[in-house]
Amino acid sequence: MNPLISKIAGCGSYLPQRVLTNDELATKVDTSDAWIVERTGIHQRHIAAEGEFTSDLAFKAAERALADAGLVAKDVDMIVVATTTPDNTFPSVATQVQAKLGLGNGAAFDVQAACSGFIYGLAVADNFVKAGQARTVLVIGAETMSRILDWKDRATCVLFGDGAGAVVLVAAENDLGNPGHSRTGNSEARGILSTHLHSDGSLADLLYVDGGPSTSQATGYLRMQGREVFRRAVVNLTDVVLETIAANGLTADDIDWVVPHQANKRILDGTARKLKLPPERIVVTIDRHANTSAASIPLALDVAVRDGRIKDGQLILMEAMGGGMTWGAGLVRW
Ligand code: ACO
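Residues numbered from 1 in each chain as written. Predicted model: local features only at pLDDT ≥ 70, side-chain atom pairs only at ≥ 80, totals over all residues. Heavy atoms only, no water.

### Details of the pairing of strand S5 (residues 107-111)
Our working rule: For two strands to be treated as a pair, DSSP must find at least two bridges joining them. A run of DSSP states H or I qualifies as a helix once it reaches four residues; a run of E qualifies as a strand once it reaches two. Both are numbered from the N-terminal end. Clockwise travel from the first strand over the helix to the second, with the strands pointing away from the viewer, marks a crossover as right-handed.
Judged from the 5 bridges that link them, strand S4 (residues 78-82) and S5 form a sheet pairing that is parallel. The residue of S5 that forms the bridge with Ala82 is Val111. The β-α-β motif built from S4, the intervening helix H4 (residues 93-100) and the parallel element S5 has right-handed crossover chirality.

### Considering the domain arrangement of the protein chain
One frequent convention defines the size of an interface as the accessible area lost when the parts assemble. Note the following rule: Source of the domain bounds: an automatic or database domain assignment. Buried area is calculated as the accessible area (1.4 Å probe) missing from two parts once they are joined, with the contributions of both summed. Take a side-chain nitrogen of Lys or Arg and a carboxyl oxygen of Asp or Glu: if they are within 4 Å of each other, that pair is a salt bridge. Within 3.5 Å is the distance limit for a polar contact, defined as a pair of N or O atoms, with the added protein rule that one can donate a hydrogen and the other accept it, and that residues adjacent in sequence qualify only through two side-chain atoms. Three classes are used, and their members are as follows: Ala, Val, Leu, Ile, Met, Phe, Trp, Tyr, Cys and Pro are nonpolar, Asp, Glu, Lys and Arg are charged, and the others, Gly among them, are polar.
Its domain assignment divides the protein chain into domain 1 (4-173) and domain 2 (182-333). Here domain 1 and domain 2 have C-alpha centroids that lie 15 Å from each other. Regarding the contact of domain 1 and domain 2, the summed buried area is about 3900 Å², with carbon and sulfur atoms giving 66% of it. Counting across the domain 1 and domain 2 interface gives 2 salt bridges. Taking the shortest distance from any N to any O, the salt bridge between Arg223 and Asp150 comes out at 3.4 Å. Remark: the boundary between domain 1 and domain 2 carries 20 residue pairs in polar contact (both at pLDDT 80 or more). Elements with a minimum of two residues in the side of domain 1 that touches domain 2: strand S1 (4-14), helix H2 (33-40), strand S3 (44-47), helix H5 (117-130), strand S6 (136-144), helix H6 (154-157) and strand S7 (162-173). At 8 residues, S1 tops the list of elements feeding residues into the side of domain 1 that touches domain 2. Here the residues of the side of domain 1 that touches domain 2 are counted per class, giving 26 nonpolar, 18 polar and 9 charged.

### Side note on the site of the ligand
Heads up, the rule is: Consider each residue's heavy atoms; a residue with any of them within 4 Å of a molecule or strand counts as near.
Taken together, 23 residues surround the ligand, and among them Thr31, Arg39, Arg154, His261 and Asn264 come closest. Between the ligand and Thr31 there is a distance of 2.6 Å, counted from a nitrogen atom to a side-chain nitrogen or oxygen. In the model, a nitrogen atom of the ligand is placed 3.4 Å from a nitrogen or oxygen of the Trp35 side chain. Where the shell around the ligand is concerned, the elements lending two or more residues are H2, H6, helix H7 (226-247) and helix H8 (265-275). When residues in the shell around the ligand are grouped by element, the largest group, 4 residues, is from H7. Taken together, the residues of the shell around the ligand break down into 12 nonpolar, 6 polar and 5 charged. Built from parts of two domains, the shell around the ligand gets at least three residues from each of domain 1 (4-173) and domain 2 (182-333).

### So, the sheet that holds strand S12 (residues 315-322)
To keep things clear, this is the line we draw: For helices, the axis comes from a line fit to the C-alpha atoms of the stretch in contact; other axes are also lines fit to C-alpha atoms, and the angle between any two N-to-C directions lies between 0 and 180 degrees. Contacts: residue pairs with any heavy atoms within 4.5 Å of one another.
As summarised here, the arrangement of the 4 strands in space is S8-S13-S12-S11, forming an open sheet in which the pairing is mixed. The sheet is open, and its two borders are formed by strand S8 (191-199) and strand S11 (257-260), each paired with just one other strand. Sheet twist, expressed as the mean angle between neighbouring strand axes with direction ignored, is 15°. Lying over the sheet, H7 contacts S8, S12 and strand S13 (326-333), oriented at roughly 145° with respect to S12.

### With respect to the packing of aromatic side chains
Going by this rule: Classification of ring pairs rests on two measures: the distance between centres of Phe, Tyr or Trp rings, Trp counted by its six-membered ring, which must be within 6.5 Å, and the angle between planes, read as stacked under 30 degrees, edge-to-face over 60 and tilted in between. Classification of residues uses two cut-offs on accessible area relative to the type maximum, computed with a 1.4 Å probe and protein chains only: under 20% is buried, over 50% is exposed, and between them is partly exposed. Both a distance and an angle decide whether a charge sits over a ring: NZ of Lys or CZ of Arg must be within 6 Å of the ring centre and within 35 degrees of the ring normal.
The final tally for this structure, using the stated rule, is 1 aromatic pair. Ring plane angle 50° and centroid distance 6.1 Å describe the contact between Phe109 and Phe128, whose orientation is recorded as tilted. Of this pair, Phe109 sits in strand S5 while Phe128 is found in helix H5, placing the two residues 19 residues apart along the sequence. Assessed through its relative accessible area of 24%, Phe109 is described here as partly exposed. Residue Phe128 is classed as partly exposed on the basis of its relative accessible area, which comes to 25%. The ring of Trp257 is capped by Arg309, whose NZ or CZ atom sits 5.7 Å from the centre of that ring.

### Some points on H7
Selection criterion: Here a helix's expected span is defined as the number of its residues, less one, multiplied by 1.5 Å.
Taking 1.5 Å as the rise per residue, H7 with 22 residues should run 32 Å; its terminal C-alpha atoms sit 31 Å apart, in good agreement. Those residues of H7 that sit buried are Val229, Ala233, Val234, Asn236, Leu237, Thr238, Val240, Val241, Thr244, Ile245 and Ala247. In this structure, the buried residues of H7 make contact with S8, strand S9 (207-209), strand S10 (222-224), H8, S12 and S13.

Structure representation (C-alpha cells):
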C-alpha cells in the first residue's frame, strides 16, 4: 500500500455579525483610527454576541467546511479544535462541537498553542491521518478573543477579534511516495506536504493571559510586550518558512500563496520582505478580521478559496507565531 497523505477536502469559516470599527473603539478607549491603521493595518474586527461562545463559532465553521467538502457529520472520525478561549475549562470545545454535530463516536480534543494553534492542530491531525488512525478529521481554529481583552488597555484591545475557520482533512493514498521531510519525497503530491512546529517556553512572559484555574484566580486578561513580540515574530516566522521550503526541496519562488497568521500588517510585510516574497502573494485579512489568534489562518484560507485566488494544484504555505512562544508552518498542495 502507498503511504497515506492528508488532503484538504473542504474549508469554511464563520464571523460573528457584530462589527466593531476603529472609530467606534475610539469612543471607548484613548486611540484613533489613524493610529490603529498605521501601526497594525486593522480597520475593524468582529465581536461575538452575548451568549455566543467559541463552540458556537467553531460549529458554524465546521458545518460550512463539511458542506464544502461534500461530506456529512457522520463521516467525521476526529475533531481537533485549536483555541485559547474555550467555553469552559473542560469539556473541550472539540467535544462540544462533536455534540452539536450530533456525533457520539470518534475522538475530539482541543490543542492550545495560542495564535499558532491552527498549525499545531493541523500537524497533529495530519500525523493521525498518516498513521492510519483517522480518516476524516475536522481541524478548527476558533476564538472569542474579545472575552480575554482588557478593554481599558489600548495597547492590546485594538488588536484582536473573534471568529472561526475549519478545514476537513481526508486520508488518501499517495501514489507519489512520501512528501516533505523525506527530501527525496516530492512536492507534486496533493495534500499536506509537511508541517514544522517550534516553541520556546522561556519566552512566556512576552505574551500571556494572567489568571486561570490552577492559579486559583479567575481567567484574566491578555498581556503583551508588543515590541519584543513584533521583533521575534519576524525572525522566527522567516526561519520557519525557510525551513519548510527547504524540507520540500523548493524555493520561495515556488510558493503560490502564503496564508499567514494575521497578527499585524507590519509583521506580514516585514516577513515577506525578508523572504523576498511579493506582497501580492500574501493573503491579508487583518484589515477586516484583526487578529483572531488560532482562527486567523483558516479564516484567511477560506476567504482566498471563496474569492478564487487559491486554485487546484497550487502550493500554499501557512505560518504562525503566538504565545508560549510557539511558532510553526505547514505546506499544502491544494
Ligand atoms: N492608540 C494610540 N496610542 C497607542 C495605542 C493605541 N491603541 N497603543 C499604544 N499607544 C501608544 C503608547 O502608549 C506609546 O505612547 P508613548 O510613546 O506616549 O509612551 C506609543 O503609542 C508607542 O507605543 P509602542 O507600544 O512602542 O508602539 P509600537 O509601535 O510598538 O506598536 C504594537 C504597538 C502595534 C502593539 C506593536 O508593538 C505590535 O504590533 N507588536 C506585535 C504584537 C502583536 O502582533 N501581537 C499579536 C499577538 S502575537 C502574534 O499574533 C504574533
